[in-house]
Amino acid sequence: MEVKKAAGVDAGLTADEAELALISQFSRKKLTAGEVYLFTVRLCDNEVDRDGERFPPETLEALAGAFVGKSGIFDHQWSARGQTARIYRAEVVAEPGRLTRAGDPYRYLKGWAYMLRTQGNADLIAEIEGGIKKEVSVGCAVERTVCSICGSNMAAGECGHVKGHTYDGRLCWGELTGLTDVYEWSFVAVPAQPEAGVLRKSRAAGALRKALEGQAEHIRALEDLEREAGLGRRYLEGLRSEVARLGGLAGIGLDAPVLRRMLETLEEPELLALQKAYRERVALRFPVEPQLPGRDGRREERGGDGAFLI
């Protein structure tokens, strides 16, 4: 299973001798402080995300070693022309006093990256310094999504628990375990959001991408399909939010969190049917009344709502 998780970029760093020594393992010549631009990236963490999944500490540790040497690109477009920077060291960092929703200490994977100070990179460096380019997303593959309730592999359909639901007071989430590969990290063009989560592809899609290595036309076609799939996921997310909003207005008697969790299990046909039903119920509860006078020049009396009339 391939996963992507949004994260962020921090400010530039000083290129001292210790940092340059680490960078030298990837360069064919000894680089000077004036030739490189250094910055750090928060690649991913162990918090339970909006999809009810997370990287547990052991997966973060595995990612720390695997990301060293990986290139930074744009929007997960696999092209040599898009290579902009490279991770030269990485480590898992703890934030004292902060706990995850899973109840363990919060940790995140921090990467140190470098790029060359060239004319072609000048605009990108300025955008990083100016806070324009500050979001990144990582691409990697894991073997299993382990249920926090029963320990089964949720990705393989071995579990009947639903991520985000509570069972006997215990929150259900999926632990992303068994790191198998790390692809890259990308600058992305979407704003960082606290609820940004994991975008998944099937294991078959990851195998297909590997099988298509060197076939640029087919890779582009696959990437087009992946982007269209992302649009579909965002459409469903927006539709679920709209149905939840209408359900609240319709007064169906369910708390918003409960209704939202129920909608997570529904697909477009069911969501559209609910949307239609809720709209009709909202229209009955809050009928639209004309605010302009009728043809006889008189307006119907409306009690105390005159202040809201145009």
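Our structure's up above, just so we're on the same page.
Residues numbered from 1 in each chain as written. Predicted model: local features only at pLDDT ≥ 70, side-chain atom pairs only at ≥ 80, totals over all residues. Heavy atoms only, no water.

**Details of the overall build of the protein chain**
Part 1 of the argument: Secondary structure assignment for the protein chain yields 7 helices and 11 strands.
Part 2 of the argument: For the protein chain, the proportion of its 310 residues judged to be buried stands at 39%.
Part 3 of the argument: The long-range share in the protein chain, meaning contacts at least 24 apart out of those at least 6 apart in sequence, stands at 70%. (Helix = DSSP H or I, 4+ residues; strand = E, 2+ residues; numbered from the N terminus. Buried < 20%, exposed > 50% of the residue type's maximum accessible area, 1.4 Å probe, protein only. Contact = heavy atoms within 4.5 Å.)

**Looking at the packing of aromatic side chains**
Part 1 of the argument: A complete count under the given rule lists 3 aromatic pairs for this structure.
Part 2 of the argument: When the centroid spacing of 6.4 Å and the interplanar angle of 35° are considered together, the rings of Tyr106 and Tyr108 count as tilted. Here the two residues Tyr106 and Tyr108 agree in accessibility, since each one is buried.
Part 3 of the argument: A cation sits over an aromatic face here: Arg98 above Tyr106, 3.7 Å from the ring centre. (Phe/Tyr/Trp six-rings, centres within 6.5 Å; stacked < 30°, edge-to-face > 60°. Lys NZ or Arg CZ within 6 Å of the ring centre and 35° of its normal.)

**Details of the pattern of salt bridges**
Part 1 of the argument: Tallied over the full model, the rule gives 10 salt bridges.
Part 2 of the argument: For the salt bridge of Arg98 with Glu95, the shortest nitrogen-to-oxygen distance reads 3.2 Å.
Part 3 of the argument: With a relative accessible area of 37%, Arg98 lands in the partly exposed category.
Part 4 of the argument: For Glu280, the salt bridge is made with Lys276, and the minimal N-O distance between the two is 2.7 Å. One end of the pair, Glu280, and the other, Lys276, are both in helix H7 (residues 268-285), 4 residues apart, so they sit about a helical turn from each other.
Part 5 of the argument: Given the relative accessible area of 52%, Lys276 is considered exposed.
Part 6 of the argument: Shared partners join several salt bridges into a network, and the residues in it are Arg42, Glu95 and Arg98. (Salt bridge = Lys/Arg side-chain N within 4 Å of Asp/Glu carboxyl O.)

**Quick look at the side chain of Asp45**
Part 1 of the argument: When you line up the elements, Asp45 lands in strand E2 (residues 36-45).
Part 2 of the argument: Overall, the relative accessible area of 16% leaves Asp45 in the buried class.
Part 3 of the argument: In this structure the side chain of Asp45 is engaged in a polar contact, spanning 3.1 Å, whose partner is the backbone nitrogen of Glu47.
Part 4 of the argument: Polar contacts involving the side chain of Asp45 include one to the side chain of Tyr106, which spans 2.9 Å. (Polar contact = N/O pair within 3.5 Å; in protein donor to acceptor, adjacent residues only side chain to side chain.)

**Regarding the environment of Arg170**
Part 1 of the argument: Looking at the element boundaries, Arg170 is found in strand E9 (residues 170-171).
Part 2 of the argument: In this structure Arg170 comes out as partly exposed when scored by relative accessible area, which is 43%.
Part 3 of the argument: Look past the residues within four positions of Arg170 in its chain and what remains in contact with it is Ser148, Ile149 and His165.
Part 4 of the argument: Here the side chain of Arg170 touches Ser148 through a polar contact of 3.1 Å, landing on its backbone oxygen.

**Looking at helix H3 (residues 122-129)**
Part 1 of the argument: Leu124, Ile125 and Ile128 are the residues of H3 that are buried. An end-on view of H3 places all buried positions within 100° of arc, on one side of the element. (Arc of directions from axis to C-beta.)

**Remarks on H7**
Part 1 of the argument: When the terminal C-alpha atoms of H7 are compared, their 25 Å separation across 18 residues agrees well with the 26 Å that a helix rising 1.5 Å per residue should span.
Part 2 of the argument: Inspection of H7 places Leu271, Gln275, Tyr278 and Val282 among the buried residues, and these make up the whole buried set. Around the axis of H7, the buried residues are gathered within 80° of arc, so they sit on the same side. In H7, the exposed residues that point more than 90 degrees away from the buried face are Pro269, Lys276 and Leu284. (Expected span 1.5 Å × (residues − 1).)

**As for the nonpolar core**
Part 1 of the argument: Formed by 28 residues in total, the largest nonpolar core has its most connected members in Phe39, Leu43, Leu63, Phe67, Leu109, Met115 and Trp185.
Part 2 of the argument: If you list the elements that add at least two residues to this core, you get E2, helix H2 (57-67), strand E5 (85-99), strand E6 (105-116), H3, strand E7 (135-147) and strand E10 (174-187).
Part 3 of the argument: Examining the composition of this core, we find that 5 residues originate from one element, E2, more than from any other.
Part 4 of the argument: Ignoring anything within four residues of it in the chain, the contact list for Leu63 reads Cys44, Phe55, Leu109, Cys140, Leu179 and Val182. (Core = buried A, V, L, I, M, F, W, Y, C linked by side-chain atoms within 4.5 Å.)

**As for a nonpolar patch on the surface**
Part 1 of the argument: A surface patch of nonpolar side chains, about 230 Å² in accessible area, is lined by Leu254, Val258 and Met262.
Part 2 of the argument: Among the residues examined, Val258 registers a relative accessible area of 31% and is labelled partly exposed. (Patch = residues over 30% accessible without salt bridge, like charges linked within 9 Å, V, L, I, M, F, W, Y side chains within 5 Å. Areas by Shrake-Rupley, 256 points an atom, 1.4 Å probe, with all protein chains shown as cover.)

**Observations concerning the environment of Met115**
Part 1 of the argument: Counting through the fold element by element, Met115 comes out in strand E6.
Part 2 of the argument: Met115 sits in the buried class, given a relative accessible area of 1%.
Part 3 of the argument: Counting along the chain gives 31 residues from Met115 to Thr84, while the straight-line C-alpha distance between them is 6.4 Å.
Part 4 of the argument: Apart from the residues lying within four places of it in its own chain, the contact partners of Met115 are Glu35, Val36, Tyr37, Phe39, Thr84, Ala85, Asn121, Leu124, Ile125 and Ile128.

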